[in-house]
Amino acid sequence: MLPTTRSQSRREEPRRQVTGERGRVFAAVILGFCVLSFIDTFHTLEPYSGRRSLLSSAYLATTSTLLPWAHHYLADVSDAPDPDGETALFWHIPKSGGTTAKRLYQCMGKTLAHRVGADPRFGHDQENEIVVFEPHEGKDWKVVNVDTTIKPGILRAKELGLVQSHTTDLIFTMEPAFAGEQLYDEDNKGRFLALFRHPVDRAASMFFYLQKATWEKTYRPEWADMTVMEWANLKNFESDYMVRKLVGKKFGDSVDEMDLIIAKELVRQRFIVGLMDEMVESIRRFNIVLGVDESSDRSQQCMEDFGLLAPEDVTPAISAVGEGSGEESKTHATDKKNSNKHPKFVQGDPEFDAIAARNPLDMVLFSYILQLFEDQKLIIDSYFVEAEDEEDEATIDEVANELALLPPGADVGTSRLPSEIQDNLANVNDPAQDKGSETPFFWHIPKSGGTTLQRMYFCMGFTLANEVGGNSKFDSDRSKIDVISPWSDNPGKVINVDVTSQEGITEAKNRGFLTQTPHPHLDLVSSQEFKFAATTLFSPEHNGRMFALFRHPIDRAVSKFYYLQKATWESTYKERWKTMTLEKWAEKDRGENNWMVRMLVGKDNRAVLTTEDLELAKEIVRTKFVVGLMDSFDESVHRFNVFLGVDESDAVNQECIGQFTSSGGDSHASANRKVIETKNQWNSYAHPDVEYGSPAWVSLSKINFFDILLYRYVLEVFEEQRSLFNA
């Protein structure tokens, strides 16, 4: 229990005595976290209703960057298929087995939408309504009178109400983003399928094909005598085809890591994934989704004709599907025009490396798709099956747990923390240690409520190491680490160091901060310099235990802009911003893009951020931080108080909590209605908001894209940790 008086002489000694109590409280909390963390993963999801529910919930129980049209118009991978209530769409990626899939479902008598339906030879291309017809008499397969493979045809299909007519079993397109956004609506949803192929194999196959395919509009006679290396170095080389198509960008538009993240998330949540190299299994899954009765005579015959029954004495399907490998055998599955024999390259070959270098985003996306293909098997198999016994349930639990750990839009595998972060910082689920072995470390994210939080703990009589102790106006013996009482009217104390800059951190370390024996009493360290402080001040022998307040990156950026327009007392005051409008300021990066991710991974503004950096930042937050939110300030303060061993029943502590949580560091709180004139105790001031969707908002979103994705993940972690502290 913490004492009930402000007197430092009475507070400091009992604070030493409370260490054991704090350790017991926090150890109990951590034990609860270990027990509840898996349960809480599913706490906010739909109730468990059997095998499919658990698997699919785990698969999607992560942060989403899904495009709005895909969120509203397409069925989740987790949703059991409803062939009568949804219309399937097959994304035909050239030279990836799409022609085989089309001919297979023609053979099965499905009604398809693709190029043939709008061929003028059949006389239905000018009709003002959807018409279903047989293009070839006696073939017993049907098409609709629209061409959904190209954008003009998609717009015509939209005008005629193709999806709303419920006449089509399967739509084929090469424009998945455009078709998804234009053809579907919330009452008429789509189900997306695709066959994927390694980007190098696909590109090489396309090159060799278009060297000879005189019947194709895209035939390139100038390629006829080119080598692969010459072709791969052309300026107009097709690059990152899959990512471009998924995000709806034209060739010539730049694509980057942000597009890759969006593409990954679209595939993860909305695509039934097939692989050209796993054709038999892929078609089996598609048949489940499309409601194909594989036991019917017709289906059996078609599957056999296309080499997709995979009996033990049949060559694997990849040799039968055409469209690609250098050893393609010809079966009924292969259109001779659409298949070509060509060399196959492997990693390390100059040709392979040259093509891969021109398709870096597609290479990462395909690696991710390989993992999704594995993860989707049990989900698809469980659409119409319930778990039959406890052993089955146990297997499901194990697999579901693995799926829940798959990061959205992440590279395959888990981000490994640098050893100095792993070893120098305590894990969230590690039992609390005594103050000789660890010290709480508050990562102070600017304009996120951190100043308010520190002042609250000063009010309670805490001793902090931040920037105050390094101020030369306070008389202190700098030859040793000591405690300063800076204010006559405040019981808070500081250590005589400045740990908010890299220079100050280095000096503090050299003077024996956290290593001096005996060391003066210290309640917590507060610094913006996460990685430098973590790797310089802490060690495997003396860990830091992390906590932080997070704020939406756009709100934080806007707050900082208005603050630095007028905060003349700050070293970072920007006089040139004084008369600048928010819209003008937000037009470009002002030198602080994605501040949170950069600080967590230790990259400055000159370095390029990647998805690997984002995943590392997320992993650091997940494993090392007790998370608080500025928008949930009161609850965050409660969690931090439990974390720090603060007795919230103490009258003085209650007064401090009430005084500072009433403002929450929020510029919109009643305590902070005045405009910026002089520095106040909250370091927070009223200012205009940025309107959602405005040009300034959109620009800031692009500038701080990685931080926004990190913040979305932080929201998930905050929810996951709720049961820990409520317990």
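Not measured: the values here are computed from a predicted model.

The rules we used
Throughout this description, residue numbers start from 1 for each chain and increase along the sequence as written. It should be noted that, the model being predicted, local features are given only for residues of pLDDT at least 70 and side-chain atom pairs only at 80 or more, the latter also being counted only at that level, while totals for whole chains, interfaces and linings use all residues. With hydrogens and water set aside, each side-chain value is computed from the structure's full complement of heavy atoms. Only DSSP runs of H or I with at least four residues qualify as helices, and only runs of E with at least two residues qualify as strands; both kinds are numbered from the N terminus onward. For the exposure calls, accessible area comes from a 1.4 Å probe over protein chains only, and a residue counts as buried if that area is under 20% of its type's maximum, exposed if over 50%, partly exposed in between. Contacts were defined at the residue level, with two residues in contact if any of their heavy atoms lie within 4.5 Å. Classification of ring pairs rests on two measures: the distance between centres of Phe, Tyr or Trp rings, Trp counted by its six-membered ring, which must be within 6.5 Å, and the angle between planes, read as stacked under 30 degrees, edge-to-face over 60 and tilted in between. When the NZ atom of lysine or the CZ atom of arginine is within 6 Å of a ring's centre and also within 35 degrees of its normal, the charge is said to sit over that ring. The axes used here are C-alpha line fits, helices contributing only the stretch in contact, and every angle between their N-to-C directions lies in the interval 0 to 180 degrees. To sort the angles, those under 35 degrees are grouped as roughly parallel, those over 145 as roughly antiparallel, those from 65 to 115 as roughly perpendicular, and the leftovers as oblique. Handedness of each helix crossing follows the sense of rotation of the near helix against the far helix: counterclockwise by less than a right angle gives left-handed, clockwise gives right-handed. All residues other than Ala, Val, Leu, Ile, Met, Phe, Trp, Tyr, Cys, Pro, Asp, Glu, Lys and Arg, Gly among them, are scored as polar; the first ten of these are nonpolar and the last four charged. Two strands form a pair only when DSSP identifies at least two bridges running between them. As used in this record, nonpolar core signifies buried Ala, Val, Leu, Ile, Met, Phe, Trp, Tyr and Cys residues forming a set joined through side-chain atoms within 4.5 Å. Any cysteine sulfur atom paired with another within 2.5 Å is treated as part of a disulfide. Here a salt bridge means any side-chain nitrogen of Lys or Arg lying within 4 Å of a carboxyl oxygen belonging to Asp or Glu.

Asks: Account for the overall build of the chain, with residues named and values stated.
Replies: Across its full length, the chain carries 28 helices and 14 strands. Across the 727 residues of the chain, 56% fall into the buried class. Contacts spanning at least 24 positions in sequence make up 74% of the contacts within the chain whose residues lie at least 6 apart.

Asks: Can you break down the packing of aromatic side chains residue by residue, with the values?
Replies: Inspection of the entire model under this criterion finds 24 aromatic pairs. With a centroid separation of 5.7 Å and an interplanar angle of 40°, the aromatic rings of F530 and F625 are classed as tilted. Within this pair, whereas F530 is found in helix α20 (residues 530-536), its partner F625 is found in strand β14 (residues 625-629), the two being separated by 95 residues in sequence. Judged by relative accessible area, which is 0%, F530 ranks as buried. Here a set of aromatic residues connected by ring pairs shows up, and it is made of W69, W91, Y184, F192, F196 and F271. Here the guanidinium or amino end of K264 rests over the ring plane of Y368, the centre of that ring lying 5.3 Å away. When the ring centre of Y713 is taken as reference, the NZ or CZ atom of K618 above it lies at 5.0 Å.

Asks: Tell me about the packing of helix α24 (residues 611-624) against helix α28 (residues 705-726), residues and numbers included.
Replies: It is at 10 Å that the axes of α24 and α28 come closest, and there the two elements cross at 30°. Judged by the angle between their axes, α24 and α28 are roughly parallel. The way α24 lies across α28 gives a crossing that is right-handed. Between α24 and α28, the residues in contact are T611, L614, A617, K618, V621 and R622 and F706, L709, L710, Y713 and V714, respectively. Residues of the contact of α24 with α28, tallied by class, amount to 8 nonpolar, 1 polar and 2 charged.

Asks: Describe in detail the sheet that holds strand β9 (residues 463-465), supporting the description with residues and values.
Replies: Reading across from one edge, β10-β11-β9-β12-β8-β13-β14 is the order of the 7 strands in this open sheet, with mixed pairing throughout. In this open sheet, the two strands that pair with only one neighbour each are β10 (483-484) and β14. Sheet analysis places β9 next to strand β11 (residues 493-495), joined by 2 bridges and oriented parallel. Each residue of the ladder has a partner; that of L464, found in β11, is V494. Of the strands in this sheet, β13 (543-550) and β14 are in contact with α24, which crosses β14 at around 100°. Running at roughly 170° to β13, helix α25 (residues 633-644) makes contact with β8 (438-443), β12 (524-527), β13 and β14 of the sheet.

Asks: Kindly report on the nonpolar core, identifying the contributing residues and their values.
Replies: Residues F196, W443, F513, F530, F550 and F625 are the most contacted members of the largest nonpolar core, which totals 95 residues. Ignoring anything within four residues of it in the chain, the contact list for F625 reads V428, W443, F530, M546, F547, A548, L600, I620 and Q721. Core analysis: the second largest hydrophobic core is formed by 30 residues, L453, F458, F547 and F640 among them.

Asks: I'd like to hear about the state of the cysteines, residue by residue, with values.
Replies: Two cysteines joined by a covalent bond between their sulfur atoms form a disulfide. Applying the stated criterion to the full structure yields 2 disulfides. Residue pairing for C107: its cysteine sulfur links by disulfide to C302, the two sulfurs lying 2.0 Å apart. On the S-S bond that ties C107 to C302, the torsion sits near -90°, and the link is left-handed. With a gap of 195 residues between them, C107 in helix α4 (residues 98-107) and C302 in helix α13 (residues 297-305) connect regions that are remote in the sequence. For C302, a relative accessible area of 2% translates into the label buried.

Asks: Break down the pattern of salt bridges for me, with residues and values.
Replies: One pass over the full model with this rule turns up 23 salt bridges. When the shortest N-O distance is used, the salt bridge between R606 and D604 registers 2.8 Å. Classification of D604 as partly exposed rests on a relative accessible area of 36%. Among the ionic pairs, E635 bridges to R722, the shortest N-O distance being 2.9 Å. Residue E635 is located in helix α25, and its partner R722 is located in helix α28; the two are separated by 87 residues in the primary sequence. Judged by its relative accessible area of 23%, E635 falls in the partly exposed class. Relative accessible area serves as the criterion here: at 23%, R722 is assigned to the partly exposed category.

Asks: Could you give me a rundown of the sheet that holds strand β7 (residues 271-275), with the residues and numbers involved?
Replies: Ordered in space as β3-β4-β2-β5-β1-β6-β7, the 7 strands form an open sheet in which the pairing is mixed. In this open sheet, the two edge strands, each paired with only one partner strand, are β3 (132-133) and β7. Sheet topology note: the β3/strand β4 (residues 142-144) ladder contains 2 bridges and is antiparallel. The residue of β4 that forms the bridge with F133 is V143. Lying on the sheet, helix α15 (residues 360-381) is in contact with β6 (190-196) and β7; it crosses β7 at an angle near 110°.

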